[in-house]
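# Examining the three-dimensional arrangement
Here's the letter readout for the chains.
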Amino acid sequence: MSAWFNPARELDALIRRVATSVPALGADFDPQVRPATDTRHGDFQCNGVLAAAKIAKLNPRALATELLAALETEGTLKKAGFESDVAGPGFINFRLTPAALAEWIHEYRDADAWRRGASALYAGRNVVIDYPSPNTAKQMHVGHLRPIVIGEAVARLLEFCGAKLTRDNHIGDWGTNFGILILAIKRKGFILDASSPQALEDLEALYKEGSALTKADPAELDAARAELAKLQLGDTANTALWQQIVAVSNAAFQRIYDQFGLKSDVTLGESFYRDKVDQVYRELTECGLAEESDGALVVWHDDIPRFSRDAETKLPFIVRKKDGSSNYASTDLATILYRVEHMKAEEIVYVTDGRQQDHFQQLFITATKWFKATNRKLPRLRHVWFGTILGEDGKAIKTKSGDPVRLQSLIDEATAKAYEKVSEKNPELPEDERRTVIAPRIGVAALRYTDLGSNRTMDYRFSWEKMLSFEGNTAPYLLYQAVRVRSVFRNAGLKVGQGEEGASAPETPGEIALARKLLGFSAALEEACADLRPHALCTYLYDLAGAYSSFYADNKVLVDEPAVKARRLALCARTSALLESGLRLLGIEPLERM
RNA sequence: GAGGGGGUAGCUCAGCCGGAUAGAGCAUCGGUUUUCUAAACCGACGGUCGCGGGUUCGAGUCCCGCCCCCCUCGCCA
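Quantities reported herein were computed from a predicted structural model and do not represent experimental measurements. (Residues numbered from 1 in each chain as written. Chains lettered and ligands numbered in written order. Predicted model: local features only at pLDDT ≥ 70, side-chain atom pairs only at ≥ 80, totals over all residues. Heavy atoms only, no water.)

This part is about the overall build of chain A. Along chain A, the regular secondary structure elements total 22 helices and 13 strands. The dimensions of chain A, computed from C-alpha atoms along their principal axes, are 85 × 65 × 40 Å. Each of the 594 residues in chain A was classed as buried or not, and the buried ones make up 52%. For chain A, the share of sequence-separated contacts (at least 6 apart) that also reach a separation of at least 24 residues comes to 74%. Summed over all atoms, the accessible surface of chain A reaches about 27,000 Å², with 51% contributed by carbon and sulfur. Averaged over its 75 positive side-chain charges, chain A has a centre that lies 1 Å from the centre of its 80 negative ones. (Helix = DSSP H or I, 4+ residues; strand = E, 2+ residues; numbered from the N terminus. Buried < 20%, exposed > 50% of the residue type's maximum accessible area, 1.4 Å probe, protein only. Contact = heavy atoms within 4.5 Å. Areas by Shrake-Rupley, 256 points an atom, 1.4 Å probe, with all protein chains shown as cover. Lys, Arg positive; Asp, Glu negative; His and termini not counted. Charge placed at Lys NZ, Arg CZ, Asp CG, Glu CD.)

The following block contains the structure:
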C-alpha cells in the first residue's frame, strides 16, 4: 500500500508540512492544491505561492522555486511518483509518472479498495437520512421523483464513505386530511382493499370529492373536523379506517420503491410521534423558547431578524396550532429527539424540496436552542434540498387535465421508449431480456440520471425528448459505455479483472488520459460528499466514459504484445468497475449488455 | 418588503474554496467502420459569462449597486 488514494489531499498536506521550513511561507500557508485546469500543466497544481509572495513582497517565481526545492529535498514527492516544475508567474505543477499511474490502478482495483480509501470521510459516523417521506393517501406523482432519487443517491454516497446509516422514511400519516377522507369513506360505505392496485386511486378520488364538499358546505367541514378529533382521541372505528388507509398507501408506495430499488431501515411516520409532542411543548415552554400567540404555541427567534417578533412579515415557528393539534414543526422536533436518543444520531440529513427551507432553518435553530437549554448533544443537521421539476413550458409539470403526472406513468413511458430503442439498435438480443431486464433498467436509469445530472438546487425542465435521448450526458450513454467495456472481456474469454499480469505502464495518449481520469475518482467522490451533491459524481462518470471512448477508438485492447494487452485490459477493468460502482452509487444498476 | 434559487454558445446545462487559451451535449456542417457493441469517435461552426462599478498580479468565480425570471413568507407537509 503506497499509492495515495486522493493525491490532491495528500499533496496539500505535504506542501503545508514542508512550507513550515520555508521562512516566507510558514504554518498558515494555504497551498491551494487543485486538479490541473489543463492537462498540459500536469495533474495537479499549487496556486498558493502567488498570494503568499504578494504578502511577503517576494518574487513569486523565486519563492515557488524555493518551495519546490524544499519539497524535492524532503523526498516524498519522488517516492509518490510526481514530477514537478515551476511554471508561469509562480505556479507549481505536479505530474504523476506513468509508473505512478499504473501503481494506483494496480492498487485501487475494486469497490472495496475505493471504499477503504474513502472511509476517512465518514468513518463509523451514525447518520440518519430522512427520505422519501411521502404523504399518505395520495398516489406518487412526479413530485416524488426527486426525494426518491436524490435521497437514495445521497444515502449510498454516505454509506460508501463509511457512515453507519439509518434510512428513515418519515411518512406523513397524521395530517388533517384524514378527517375529510374518513368522512368520505363512511358516506360511501367504501371498502378498502390494500392488495388492490386500484385502492389508492379510489382513495384519492374520494378525497377529492370530500374536499370539494367541505369547501362548499361549512357543516361538512365541521363534520370532517369531528371525524379527525375522534381519530385523535383514539376512536376504534376511525383508528381502524386510518390504519387501512395507511396500509393501502404503503402498499402502493412499495410498488414504486421496488422499481427504484429503495429500501428503508425504519418507517416511523408522524403518527409515531403523536404521544411525543407533549414533551416538546412542555420543554420549549419551560426553557422560555415557546409562547402563546393568537392561541397557537410559537417560537420566535429575535436574534434572526426574519424570524423575530418584530419582523415586518411575521414568520413564527408554530409548534402547536390554535386548535391544540400538532403540526410538522412539533413532530419534526420530537423526531430529532427520538433519533438522537434511540438511534444515536450524530448527523441527520433531510432530503426535501427547497420550498421547505424556511421550515428547516427554523427547525434547526429551534432544536439548537432547545438542546442547549436542556444540556443535550445536538447532532449535525443538514437540509439537502432540491429544486422543482418543470414542464416543457417552464411551469410546474402537470398533465393536460391539470392533474399531477403519475410517477408510474413516467416509469412506464420511459421503459417503453427504452424498449423501442434497444430493439431497434440490438434486435438480436433475446426479446425477453430486452423487455424484462434491459428496458426497465434503462427507463428507470434515465429518469434517475436526468434528475441527478444537474445541480440539485436548480429547477429543471422535464423533457421527454431529452430524457429519452440516449446521447450526451445521459444514463443510456453511461450504461452503453459500461456495456462496451464488458464486451471486450467477453470477446477475450476473460472475466473483468483477469489478464493484467505483466502489464506495462500506460504509454499512448489515450491510455495516459484514461489512467488520469481513473485517478480522478477520489476527488470527485470527495466533492460529491462535501455538499451531498450527487451531480459531481455524474459529471465525473461522464468524463470517465468520454475518456474511455476516446481510448477505445485509438487503442485496440486485444492485441498480440502481452505487455500492451495486459495494461489495456487493466485500464478496461478499472473503467468497468469504476463506471459500474459509480452508477450503483447513483442508484443505477448497470447492464451486462444492451 | 424579506429570504432562497437562477441569468454562461441558437437550446439544455457544466465550470463558481479566484489561476494559465471559458467547457460539454443537442442543433448545423464535415470526417471515421473488412477492426474488441457506430447508442461511438474525431473535427468545424458557435460566447460583451444579465448590466455597471470595486477588490486583485489575475474575476464567469469574491464585494457593492441595479435589471429580469422562478419559489417561499401565521396555523398543509
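Resuming the write-up.
A few words now on the pairing of strand β5 (residues 126–130). For β5, the buried fraction is high: 5 of the 5 residues fall into the buried class. Residues N126, V128 and D130 of β5 are buried on one face, and the alternating residues V127 and I129, pointing to the opposite face, are buried as well. As defined by bridge partners, β5 adjoins strand β6 (residues 164–168) across 5 bridges and the pair is classed as parallel. From the neighbouring strand, V128 faces β6, where its bridge partner is T166. As for the winding sense of the linkage, the β-α-β connection from β5 through helix α7 (residues 145–160) to β6 is right-handed. (Pairing = 2+ DSSP bridges. Right-handed = clockwise from strand over helix to strand, strands pointing away.)

Remember that side chains alternate between the two faces of the sheet whenever the strand is regular. Counted residue by residue, strand β10 (residues 347–353) has 7 buried out of 7 residues, so it is predominantly covered. Sheet analysis places β5 next to β10, joined by 4 bridges and oriented parallel. Note on β10: the bridge partner recorded for V128 is I348. Here β10 runs beside strand β11 (residues 380–386); their pairing, made up of 7 bridges, is parallel. The partner of D353 across the bridge, within β11, is F386. Regarding the hand of the β-α-β motif, the stretch spanning β10, helix α14 (residues 357–373) and β11 is right-handed.

To continue, consider the protein's contact with RNA strand B. In the vicinity of RNA strand B, 70 residues are found, and the nearest of them are K54, E270, K321, Y480 and S487. Take Q45: an N or O atom from its side chain is 3.4 Å from a sugar or linking oxygen of RNA strand B. Note that a phosphate oxygen of RNA strand B is positioned 2.6 Å from one of the side-chain N or O atoms of R484. Put simply, the parts of the chain that give the surface near RNA strand B at least two residues each are α2 (48–56), β4 (91–96), β8 (296–299), α14, α15 (407–425), α18 (475–492) and α21 (535–554). (Near = heavy atom within 4 Å. Polar contact = N/O pair within 3.5 Å; in protein donor to acceptor, adjacent residues only side chain to side chain.)

Counting buried positions over the 11 residues of helix α19 (residues 509–519) gives 8, a clear majority of the element. Burial in α19 covers these residues: G510, E511, I512, L514, A515, R516, L518 and L519. Packed against the buried residues of α19 are α1 (7–19), β4, α5 (98–107), α20 (521–530), α21 and α22 (562–585).

Right, let's get into the packing of helix α9 (residues 199–216) against helix α10 (residues 218–232). Running from amino to carboxyl end, α9 crosses α10 at an angle of 125°, the nearest separation of the two axes being 5 Å. Taken together, the axes of α9 and α10 are oblique relative to one another. On α10, the residues touching L213, T214 and A216 of α9 are P218, E220, L221 and A224. In terms of residue class, the contact of α9 with α10 is built from 5 nonpolar, 1 polar and 1 charged. (Axes fitted to C-alpha atoms, helices over the stretch in contact; angles between N-to-C directions. Parallel < 35°, antiparallel > 145°, perpendicular 65-115°, else oblique. Nonpolar A, V, L, I, M, F, W, Y, C, P; charged D, E, K, R; others polar.)

This paragraph deals with unusual backbone geometry. Comment: phi is negative for the bulk of residues other than glycine, and the bulk of peptide bonds are trans. Note the cis peptide between Y131 and P132, where omega equals -15°. Secondary-structure assignment places P132 in the loop between β5 and α7. Positive phi, normally seen in glycine, also occurs at Q32, with a value near 50°. You can see Q32 is positioned in the loop between α1 and β1 (33–35). Classification of Q32 by relative accessible area gives partly exposed; the value is 23%. Here the phi dihedral of N375 falls at roughly 60°; this positive angle occurs in a residue that is not glycine. Note on placement: N375 falls in the loop between α14 and β11.

Here we come to the environment of T136. Relative to the helices and strands, T136 resides in the loop between β5 and α7. Residue T136 is classed as buried on the basis of its relative accessible area, which comes to 1%. The spacing of T136 and A155 is 19 residues in sequence and 23 Å in space, taken between C-alpha atoms. The residues contacting T136, other than those within four sequence positions of it, are I171, G172, D173, N177, F178, S249 and F253. At a separation of 3.0 Å, a polar atom in the side chain of T136 contacts the main-chain carbonyl oxygen of G172.

Our focus in this paragraph is the nonpolar core. Membership of the largest hydrophobic core comes to 156 residues, with the highest contact counts inside it found for L67 and F94. Of all hydrophobic cores here, the second largest spans 31 residues; its members include A334, V340, L363 and F364. (Core = buried A, V, L, I, M, F, W, Y, C linked by side-chain atoms within 4.5 Å.)

Here the focus is the sheet that holds β4. As summarised here, the arrangement of the 4 strands in space is β1-β2-β4-β3, forming an open sheet in which the pairing is antiparallel. The open sheet has two free edges, formed respectively by β1 and β3 (82–87), since each of these has just one partner strand. Strand after strand, the sheet turns through a mean of 25° between neighbouring axes, direction not considered. Examined bridge by bridge, β1 and strand β2 (residues 44–46) share 3 bridges and lie antiparallel to one another. In the sheet register, R34 faces β2, and the bridge partner there is Q45.

The next thing to look at is the pattern of salt bridges. A complete count under the given rule lists 43 salt bridges for this structure. A salt bridge links E589 to R584; the nearest nitrogen and oxygen atoms lie 3.3 Å apart. Accessibility expressed as a relative area gives 34% for R584, which makes it partly exposed. (Salt bridge = Lys/Arg side-chain N within 4 Å of Asp/Glu carboxyl O.)

Quick look at the environment of A102 now. Structurally, the position occupied by A102 is in helix α5. Counting along the chain gives 45 residues from A102 to K57, while the straight-line C-alpha distance between them is 41 Å.

Turning our attention to the domain arrangement of chain A. Many descriptions give the size of an interface as the accessible area lost when the pieces come together. Each assigned domain of chain A is listed with its residue range as follows: domain 1 (7–96), domain 2 (128–172 + 269–386) and domain 3 (177–260). Domain 2 and domain 3 are separated by 25 Å when their C-alpha centres are compared. The interface is formed by 16 residues belonging to domain 2 together with 15 residues belonging to domain 3. Overall, the association of domain 2 and domain 3 removes approximately 1,400 Å² of surface from exposure, summing both partners, and the carbon and sulfur fraction of that is 68%. Per-residue buried area on domain 2 facing domain 3 is highest for T136, A137 and Q139; these three make up 41% of the total on that side. On the surface where domain 2 and domain 3 come into contact, there are 0 salt bridges. Counting across the domain 2 and domain 3 interface gives 3 residue pairs in polar contact (both at pLDDT 80 or more). Tallied by class, residues from the side of domain 2 that touches domain 3 come to 8 nonpolar, 6 polar and 2 charged. (Domains from an automatic or database assignment. Buried area = accessible area lost by both parts, 1.4 Å probe.)

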